[in-house]
Each structure stands twice: as structure tokens, then as C-alpha cells.
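Examination of the molecular architecture
Below, each chain spelled out in residue letters.
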Amino acid sequence: MSNPKLGNYGKHFTDKVSILVDATADNDGLLKLLTALQKQDYQRIEVFIDHSKPEEINIDINDLCKKDQRFRVRKKSSGNINPAEETTGAYLLFLGVNTIVKKGLINSLIYRTRVFNLALLSIIPTQSFSGFINYCLVPLNNFVLLNLTPLRLVRLFSSPVFSAGSNQCMFFDSALYRKYEWEQRFNGKLPEALEVVKSVKQEGFKAETLLGNKLIYTFIPSHGFVSFQKIGQLLLRKFGNNIFAALLYILLVVTGPLFMLFNYEYSLLILPVGLIFLTRMMISFLSGQHPLWNILLHPLQMLMLLISLLTAIFDKSIQLIKSRN
């Protein structure tokens, strides 16, 4: 479906927005996010940094919180608590640590939520990465997602079957979030965005998932890279952890073109090759990625897709076997 991206609408609002950041040990990433929030054109915010060990937060973050009263650190409990506790905003914005927000994001989120009467708006950030391994693995996330689910259908169809999302950016109507206590349904843990979108739809409310359109980025630290295990787990979640669906996808998308390559008239190969070329071009432009790299690395990326998904399927199968014993 055409252009499933969050627009920069140029509208301005004054509603208070409560931002919740589930902090990790990555203090550098957290500081970048907080600094970006501080520079936002939308100033009516309160930011809660939930950390399991607040004493490990570095001095720069503590100084920022002391100087700007809108920022505060909370100790994250392992108990069955409500993340929205103590918040006073009309909207709740959940952000991942390794994200950078740009000017116009919050106004655009509010505008989109109001116009379409959304209970939840989930944004898939534009990915920022470097390094050969990351170029082979990271683009697979959006490649699989956009192949599986036309994002426009998430809002247009009320069925939970059409669901997708990202934990890196989830924007809720605060009143509805408190009323339905989404986190209580998942044993107090922040669930996968896909499951939250399904839950919102099951309650009869509207949800939407869009691409970030350079209004929000997620980045991999320059010293790090995505592992086969991690990307495999992320990809398997796109299938709702359904092993059969993941295997069927591998059969059609990875082994299918190989079968055609060895059992097809070479004069007709222009059809599947052209389809792959156009698909990679379209998904790359939508995702804010370099299309030439994705086209040149497509065979290697498909090999990585095969290895990472099979690894995740094997690990999931072992977990299922152990849980039944």
C-alpha cells in the first residue's frame, strides 16, 4: 500500500506528553536520547527513565535530570507495576534507549492520533547502522515486515490478523492505556508491540503502525553489531513465533528463487529478477536505507535470513520441548 510513513504535518499542540524510557546499561545511548528530547520543539513533556539499577547511571545523565526538572529517574521494579504510574500527560510515549527523536515527531504523533482517533500509534524507526555484518543482517528486519504486512492495512482493517509494531516507539492515548492496563495482561512485563497492537484491536479500538520517515532513528552503537541469534529472534516474532509460518516463508522467499534459478528458462529469469529488484528498491526507499547496497547484497542477505531464522526456530523448538517435559 502507498507510502506508509509518518508525515511531518506542521501542526502544533499543547497537550502534555509523558515519555517513558526503559533504560538499559547503555548510558551513552540513553544520554543521546535524553539530549535529543531536551532539544525537541515540543517542550510540554515529562520524561521518566525507568532503570533497574539507578546507581549505575552516569554523572552526565544525573546532571541533566537535576538541571531539567522534566526529567526524572525511577527505580524499575520486577513486580507487577503499571509503567504509567505517576505520569500526568494526556498521551504516553514509550521509547527505546537506542533511539534519536527529531523535531516534529511529537506534534506529528498527536496529529495522527487525533485525526484517525487512534488508541495506539506505533512507529518503526529509520535504522542507522554501519559495518559489513550489519549491512547483511539489519535490513532483513524491515524486509520481512514489509513483505508480510502492508502497513496501511493495520489501521484500515480491525482484524488482529493485520498487526505489526515496534517497541522502539509506541504512542498511546493515556486514558485508554490506564483503563485497559495493557501491561497487566502480560504478567507485568512490557510485551512485544505486535501483541499490544493485537490487544488494542481486540478491545475494538483503532491502532496504526507507520515507518518513522526520518523523524525517529534507531541506531546500533559503532562498536557493536547485530548477532544471528538476535536478528533471528526478531524475525521469528514477525511471524508471531509461529514455526510453521516461518518455515513456509523460508520455503517461498529463500529456496523458491533458488529452485527457479536451476529449473527455469534463463530467457524468462528477467521476471523474478525484476520483481526482486523492484521489491528491494521500494522497501529500501521506504525504510530510509541505501537501495544499491541492499540489491548487491541480496543473495548474501537471503543466506543470512535462512541461517538466522533456522537458528531461532531450532532454539524455539528446544524451548517448547523442555516446557512440555
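Presented here is an overview of the structure given in this document. (Residues numbered from 1 in each chain as written. Predicted model: local features only at pLDDT ≥ 70, side-chain atom pairs only at ≥ 80, totals over all residues. Heavy atoms only, no water.)

**Side note on the pairing of strand E4 (residues 91–95)**
Stated precisely, the cut-off is as follows: Categorising residues by exposure relies on relative accessible area from a 1.4 Å probe, with only protein chains included: less than 20% of the type maximum marks a residue as buried, more than 50% marks it as exposed, and the intermediate range marks it as partly exposed. By the criteria applied, helices consist of DSSP H or I runs no shorter than four residues and strands consist of E runs no shorter than two, each listed in order from the N terminus. Only strands that DSSP links by at least two bridges are regarded as paired with each other.
With 5 of its 5 residues buried, E4 lies for the most part within the structure. Burial of E4 is two-sided: the residues Tyr91, Leu93 and Leu95 facing one way and the residues Leu92 and Phe94 facing the other way are all buried. Strand direction decides the pairing type here: strand E1 (residues 17–22) and E4, joined by 5 bridges, are parallel. For Ile19, the partnering residue across the bridge sits in E4 and is Leu93. As defined by bridge partners, E4 adjoins strand E8 (residues 169–173) across 5 bridges and the pair is classed as antiparallel. The partner of Leu93 across the bridge, within E8, is Phe171.

**Some points on the sheet that holds strand E10 (residues 216–219)**
The condition is simple: As a rule, the C-alpha atoms of each element are fitted with a line to give its axis, helices using only the stretch in contact, and angles between N-to-C directions run from 0 to 180 degrees.
Taken together, 3 strands build an open sheet; the order of strands is E5-E10-E7 and the sheet is mixed. With partners counted over all chains shown, the strands left at the sheet margins are strand E5 (99–101) and strand E7 (126–128), one partner each. Taken over all neighbouring pairs, the strand axes of this sheet differ in orientation by 30 degrees on average, direction set aside. Bridging between E5 and E10 involves 3 bridges; their strand directions are antiparallel.

**Thoughts on the layout of surface pockets**
This is how the line gets drawn: Throughout, the protein atoms alone are placed on a 1 Å grid, and a set of points is a cavity if a 1.4 Å probe fits but cannot get out or a pocket if it is open with protein on both sides within 12 Å along at least five of seven lines; lining residues have an atom within 4 Å of a point. Grid points are joined across faces, edges and corners, and a volume is the space filled by probe spheres set on the points. Any residue that is not Ala, Val, Leu, Ile, Met, Phe, Trp, Tyr, Cys, Pro, Asp, Glu, Lys or Arg is counted as polar, Gly included; the first ten are nonpolar and the last four charged.
Reported here for the second largest pocket is a volume of approximately 750 Å³. Listed by contribution, the elements that provide at least two residues to the lining of the second largest pocket are helix H5 (139–148), helix H10 (243–262), helix H11 (270–287) and helix H13 (298–324). Ranked by residues supplied to the lining of the second largest pocket, first place goes to H10 with 8 residues. Residues belonging to the lining of the second largest pocket are distributed by class as follows: 19 nonpolar, 4 polar and 1 charged.

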